[in-house]
Amino acid sequence: MSLIRCFGALACLLPAAVYAKPIAYQGGTTVMGEYGAGTMQELQVFYAPGYRWSLGAGHLRLDDEEQTFSREISYVRGNVLLKRWNLPRAQANVFAWGGVGQAQGDGFEGRKGAWNAGAQADYETLRVYGSLRTDWQYSREAFSHRIDTVQLGWAPYAHDWDRLATWFVIQGRDYTGGLYDGVEAAALLRLFKNGSWGAAWVEAGVTQDGKLQTMFMFNF
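Because the structure is predicted, anything quoted here is derived from the model rather than measured.

1. Describing the overall build of the protein chain
Within the protein chain, the regular secondary structure consists of two helices and twelve strands. Counting from the amino terminus, the protein chain carries its helices and strands in the arrangement α-α-β-β-β-β-β-β-β-β-β-β-β-β. For 220 residues, the compact-globule estimate of 2.2 N^0.38 gives 17 Å, and the protein chain sits close to it at 17 Å. Dimensions of the protein chain along its principal axes, counting C-alpha atoms only, are 50 × 40 × 30 Å. Looking at the 220 residues of the protein chain, the share that counts as buried comes to 48%. Here the analysis covers contacts within the protein chain between residues at least 6 apart in sequence; of these, 49% occur between residues at least 24 apart. Carbon and sulfur atoms make up 60% of the accessible area of the protein chain, which totals about 10500 Å². Computing the positive centroid from 20 side-chain charges and the negative centroid from 21, the protein chain places the two 9 Å apart.

Written out as structure tokens, the structure reads:
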């Protein structure tokens, strides 16, 4: 069953928060990276000319859990902020994106044209966090992979703007296209810090299979 369907009801109750925002602020640059041992590795760089949109590029490597095939996809992408709610003690956002690039890997010859599309909804307070995200990679007659991710987080203390924020996060992820059988669960520790230079976010943890899961994000 798709992770989106599994958590659809939950998403209606807790819309979801910053998984990693593709748009930081107007004039800002965002650098994001993710490493999931044996499954996915991704690096992205985006620049936001306006607070509602950003442009950039990324590179993604996908491996199936049995290590029988892999894909490498390089792309350019645009991101747009569809809606933002600034609430008295919370913020919520809805983002969407789309891009085009090239892919190479096992099961097909040479380089193939590839498409990327996705969306993210997020909601957070100083103590509660949730995120729902879907990302689709497609190449005609070569592959189709969708990665659906849900995260729920809790902060043991409310942080000030310039104080280190600590989050305990649980994550569920569903892969299509033969990458992983079932839902991959992970427990993560996230640290986030704002400063005059921008912001930094680092998280790390393990999946239920004991594999390393890490992510970083820098805004400047």
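There is more to say after this.
2. Examining the sheet that holds strand S8 (residues 143-154)
One closed barrel holds the twelve strands; their spatial order is S1-S2-S3-S4-S5-S6-S7-S8-S9-S10-S11-S12, and the pairing between them is antiparallel. When strand polarity is set aside, the average angle formed by the axes of neighbouring strands in this sheet is 15°. The sheet contact formed by strand S4 (residues 70-87) and strand S5 (residues 90-105) spans 16 bridges and is antiparallel. For Ile 73, the partnering residue across the bridge sits in S5 and is Ala 103.

3. Brief notes about the side chain of Gln 44
Summarising the element assignment, Gln 44 is placed in strand S2 (residues 40-50). Only 3.2 Å separates the side chain of Gln 44 from the side chain of Glu 42, close enough to count as a polar contact. At 2.8 Å, the side chain of Gln 44 and the side chain of Tyr 75 are in polar contact. Those residues in contact with Gln 44, other than ones at most four positions away along the chain, are Thr 30, Val 31, Met 32, Ala 57, Gly 58, Tyr 75 and Arg 77.

4. Side note on the confidence of the model for the protein chain
Looking at the protein chain, pLDDT values average 89 and 91% of them are 70 or higher. Between residues 1-19, whose pLDDT stays under 50, and residues either more than four places distant or in other chains, the model counts 59 contacts.

5. A closer look at the pairing of S2
Strand direction decides the pairing type here: strand S1 (residues 29-36) and S2, joined by eight bridges, are antiparallel. Within S2, the position partnered with Gly 33 by the bridge is Leu 43. Two elements, S2 and strand S3 (residues 53-63), share nine bridges in a ladder whose sense is antiparallel. Following the sheet pairing, Gln 41 is matched in S3 by Arg 61.

6. Let's talk about the environment of Val 76
With respect to the helices and strands, the residue Val 76 is situated in strand S4. Take Val 76: its relative accessible area is 47%, and that puts it in the partly exposed class. Along the backbone, Val 76 and Leu 189 are 113 residues apart, and their C-alpha atoms lie at a distance of 30 Å.

Rules behind the numbers
- Residues numbered from 1 in each chain as written.
- Predicted model: local features only at pLDDT ≥ 70, side-chain atom pairs only at ≥ 80, totals over all residues.
- Heavy atoms only, no water.
- Helix = DSSP H or I, 4+ residues; strand = E, 2+ residues; numbered from the N terminus.
- Rg over C-alpha atoms; globule rule 2.2 N^0.38 Å.
- Buried < 20%, exposed > 50% of the residue type's maximum accessible area, 1.4 Å probe, protein only.
- Contact = heavy atoms within 4.5 Å.
- Areas by Shrake-Rupley, 256 points an atom, 1.4 Å probe, with all protein chains shown as cover.
- Lys, Arg positive; Asp, Glu negative; His and termini not counted.
- Charge placed at Lys NZ, Arg CZ, Asp CG, Glu CD.
- Pairing = 2+ DSSP bridges.
- Axes fitted to C-alpha atoms, helices over the stretch in contact; angles between N-to-C directions.
- Polar contact = N/O pair within 3.5 Å; in protein donor to acceptor, adjacent residues only side chain to side chain.
- pLDDT = per-residue confidence, 0-100.

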